[in-house]
Amino acid sequence: MNKTKPWPISKRQVWEAYKRIRANKGAAGIDGQTITDFEEQLEDNLYKLWNRLASGSYYPQPVKRVDIPKANGATRPLGIPTVADRIAQMVVKMHVEPELESHFHPDSYGYRPNKSALDAVGVTRKRCWQNDWVLSLDIKGFFDHINHDLLMCALHKHTQEKWVLLYIERWLKAPIAFRDGSLIHPKEGTPQGGVISPLLANLYLHYTFDVWMKRNKPQVPFERYADDIVCNCQSEAEVTALKDELNARFEACKLTLHPTKTQIIYCKDEDRTGNYSQTSFDFLGYTFRPRISKNRRGKYFVNFSPAMSDKAAKLIRSKVKQWKWNLRPGDSLEDLARECNAKIRGWIVYYGRYYHSALVKVLQHIDYRLMLWANHKYKRLKGRPQKAKAWLNEVINRDPFLFSHWPQIHGNG
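Computed from a predicted structure; not experimentally measured. (Residues numbered from 1 in each chain as written. Predicted model: local features only at pLDDT ≥ 70, side-chain atom pairs only at ≥ 80, totals over all residues. Heavy atoms only, no water.)

### A short note on the overall build of the protein
Stage number 1. Along its length, the protein carries 14 helices and 11 strands.
Stage number 2. Dimensions of the protein, computed from C-alpha atoms along their principal axes, come out at roughly 75 × 60 × 40 Å.
Stage number 3. Per-residue burial for the protein yields a buried fraction of 48% across its 413 residues.
Stage number 4. If you take every contact in the protein between residues at least 6 apart in sequence, the share linking residues at least 24 apart comes to 67%.
Stage number 5. About 21,500 Å² of surface is accessible on the protein, with carbon and sulfur atoms providing 49% of the total. (Helix = DSSP H or I, 4+ residues; strand = E, 2+ residues; numbered from the N terminus. Buried < 20%, exposed > 50% of the residue type's maximum accessible area, 1.4 Å probe, protein only. Contact = heavy atoms within 4.5 Å. Areas by Shrake-Rupley, 256 points an atom, 1.4 Å probe, with all protein chains shown as cover.)

Here it is as structure tokens:
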């Protein structure tokens, strides 16, 4: 700590924050500066940032607005801070996160240390077996509608550090820069893409939802991953009443539950014979619905369980298509495997956890794209799908671990 500066921010804090930002990589902000550019004068840039943070003269640059396409044709707005601003946000996050973590609810899973989306899916799976009904919540434009006054009020409950409050408020008010050069000064919201934004979002929903549920509905378990929320209820009356009460609660906290995407679901299975129209819901890339399962004695039964969603499967097929292997006949199989295996392993780890057979169908699509690549590379295979399939089988038998998905779908690992 430097006693000549008004704010107790050390050079070590800035250095540790830089190392985390460097590991996370990320795109350039409004100034066009990448991590690599920043590192060309690393010592000088970090010193300047520390000096501004510790003296109180730090102000963030505008946040670069980028629209990311969604599967439904719409876009999701991201706000990308500059490298220096990301480091500054990490300094504050590292300082305040341990305090907030000590208060967060155990069933809040998003963007938290030692918790994951798969943890949330697994807990939801068990609770759907224990409870007949689900309320799936959808918050309209959550990140864009976080109320600044309510958020700062929540922060004041956990820290009196003036520099923490000062810089978070400056980030909330930082202008957003659009591609056409225009700037807007936000009155609400925190940009998705900011380092500090997920923590602030969790804090906001901690008081909007988690604390309210614990106080008013202690008998209703829930799973929350950021703004994706599932509540597990015992009866139709209970879930219907909860929906009405939560509509009012979110409205009081300046948020709106989507009127059609917020749904009541009946967890239909072998023993639940009620006849209801809505018997499935999506949560974190998985679709929960009645499925045929087999018990340990080999008997088949209907079980309400999760499997990879159709939307997730479509996104993976689209990603594989974007690799454009058919335009790369000069590459070798080893080249293709080297570039895609890490991504494939990630899909297997995440979507292969529950109801693995749904993932197998998607992995088989990768083989289909490999056969198309072979059609372009080898003239003898062109227009001969059976020969291309035989060629692929020969390669798999010769090198069964070349692609990460082959042991999963060909039974050789």
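### Some points on the sheet that holds strand β10 (residues 286–294)
Stage number 1. Spatially, three strands are ordered β9-β10-β11 in an open sheet, and the strand pairing comes out antiparallel. Among the strands making up the open sheet, the edge pair consists of β9 (281–283) and β11 (300–308). Taken over all neighbouring pairs, the strand axes of this sheet differ in orientation by 50° on average, direction set aside.
Stage number 2. Bridging between β9 and β10 involves three bridges; their strand directions are antiparallel. Bridged to Asp-282 within β10 is Thr-287. (Pairing = 2+ DSSP bridges. Axes fitted to C-alpha atoms, helices over the stretch in contact; angles between N-to-C directions.)

### Things to note about the packing of aromatic side chains
The relative placement of two aromatic rings is captured by the distance of their centres and the angle of their planes.
Stage number 1. Here the structure, examined in full by the defined rule, presents 26 aromatic pairs.
Stage number 2. Directly above the aromatic system of Tyr-207 lies the positively charged group of Lys-157, at a separation of 5.7 Å from the ring centroid.
Stage number 3. Taking the ring centre of Tyr-59 as reference, the NZ or CZ of Arg-170 above it sits at 3.7 Å. (Phe/Tyr/Trp six-rings, centres within 6.5 Å; stacked < 30°, edge-to-face > 60°. Lys NZ or Arg CZ within 6 Å of the ring centre and 35° of its normal.)

### Considerations on the sheet that holds strand β3 (residues 133–137)
Stage number 1. The strand order β6-β7-β3-β8 describes an open sheet built from four strands, whose pairing is antiparallel. The open sheet is flanked by β6 (222–225) and β8 (263–266), the only strands paired with a single partner. Going from strand to strand, the sheet's axes swing by 15° on average, the running direction of each strand aside.
Stage number 2. Sheet topology note: the β3/β8 ladder contains four bridges and is antiparallel. Within β8, the residue paired with Val-134 across the bridge is Ile-265.
Stage number 3. In the packing of helix α5 (residues 117–130) onto the sheet, contacts are made with β3, β6 and β7 (228–233), and the angle to β6 comes to roughly 160°.
Stage number 4. The sheet strands contacting helix α8 (residues 197–216) are β3, β6 and β7, and the helix crosses β6 at an angle near 175°.

### Quick notes on the side chain of Ser-309
Stage number 1. Looking at where Ser-309 falls in the secondary structure, it is placed in the loop between β11 and α10 (310–322).
Stage number 2. By relative accessible area, which is 4% here, Ser-309 ends up buried.
Stage number 3. Aside from chain neighbours lying at most four places away, what touches Ser-309 is Asp-282, Gly-285, Tyr-286 and Thr-287.

### Description of the nonpolar core
Stage number 1. Of all hydrophobic cores here, the largest spans 65 residues; its most connected members are Ile-87, Cys-231, Leu-246 and Phe-250.
Stage number 2. Sequence-distant contacts of Cys-231, defined by excluding residues within four places in its chain, comprise Trp-133, Val-134, Leu-135, Leu-137, Phe-209, Met-213, Val-220, Pro-221, Phe-222, Leu-242 and Leu-246.
Stage number 3. Core analysis: the second largest hydrophobic core is formed by 54 residues, Ala-117, Tyr-286, Cys-340 and Ile-366 among them. (Core = buried A, V, L, I, M, F, W, Y, C linked by side-chain atoms within 4.5 Å.)

### Remarks on the environment of Leu-370
Stage number 1. Mapped onto the elements of the fold, Leu-370 is located in helix α12 (residues 356–377).
Stage number 2. Note on Leu-370: relative accessible area 0%, which makes it buried.
Stage number 3. The spatial distance from the C-alpha of Leu-370 to the C-alpha of Leu-333 is 8.7 Å, given a sequence separation of 37 residues.
Stage number 4. Non-local contacts of Leu-370, meaning those with residues more than four positions away in its chain, are made with Trp-325, Leu-333, Leu-336, Trp-391, Leu-392, Phe-403 and Trp-406.

### Re the environment of Ile-292
Stage number 1. Mapped onto the elements of the fold, Ile-292 is located in strand β10.
Stage number 2. In this structure, the C-alpha to C-alpha distance between Ile-292 and Glu-270, residues 22 residues apart in sequence, is 9.5 Å.

### Overview of the pairing of β11
Stage number 1. Bridging between β10 and β11 involves nine bridges; their strand directions are antiparallel. The residue of β11 that forms the bridge with Arg-291 is Asn-303.
Stage number 2. Count of turn residues in the β10/β11 antiparallel hairpin: five residues, of which Gly-298 carries a positive phi of about 85°.

### A few points about the side chain of Arg-272
Stage number 1. Turning to its location among the elements, Arg-272 is positioned in the loop between β8 and β9.
Stage number 2. Here the side chain of Arg-272 touches Cys-267 through a polar contact of 2.8 Å, landing on its backbone oxygen.
Stage number 3. Ignoring sequence-local partners within four residues, the contact set of Arg-272 consists of Cys-128, Trp-129, Gln-130, Asn-131, Asp-132, Tyr-266 and Cys-267. (Polar contact = N/O pair within 3.5 Å; in protein donor to acceptor, adjacent residues only side chain to side chain.)

### Digging into the packing of α10 against helix α11 (residues 333–351)
Stage number 1. Where α10 contacts α11, the two axes come as close as 12 Å, and the packing angle between them is 170°. When the axes of α10 and α11 are compared, the pair comes out roughly antiparallel. Contacts between α10 and α11 involve Ala-312, Ile-316, Lys-319 and Val-320 on the former and, on the latter, Lys-343, Trp-347 and Tyr-351.
Stage number 2. Its residues assigned to classes, the contact of α10 with α11 comprises five nonpolar, no polar and two charged. (Parallel < 35°, antiparallel > 145°, perpendicular 65-115°, else oblique. Nonpolar A, V, L, I, M, F, W, Y, C, P; charged D, E, K, R; others polar.)

### So, a positive patch on the surface
Stage number 1. Taken together, the side chains of Lys-70, Arg-76, Lys-261 and Lys-311 make up a positively charged region of the molecular surface.
Stage number 2. Tracing the chain through its elements places Arg-76 in strand β2 (residues 75–80). (Patch = residues over 30% accessible without salt bridge, like charges linked within 9 Å, V, L, I, M, F, W, Y side chains within 5 Å. Salt bridge = Lys/Arg side-chain N within 4 Å of Asp/Glu carboxyl O. Lys, Arg positive; Asp, Glu negative; His and termini not counted. Charge placed at Lys NZ, Arg CZ, Asp CG, Glu CD.)

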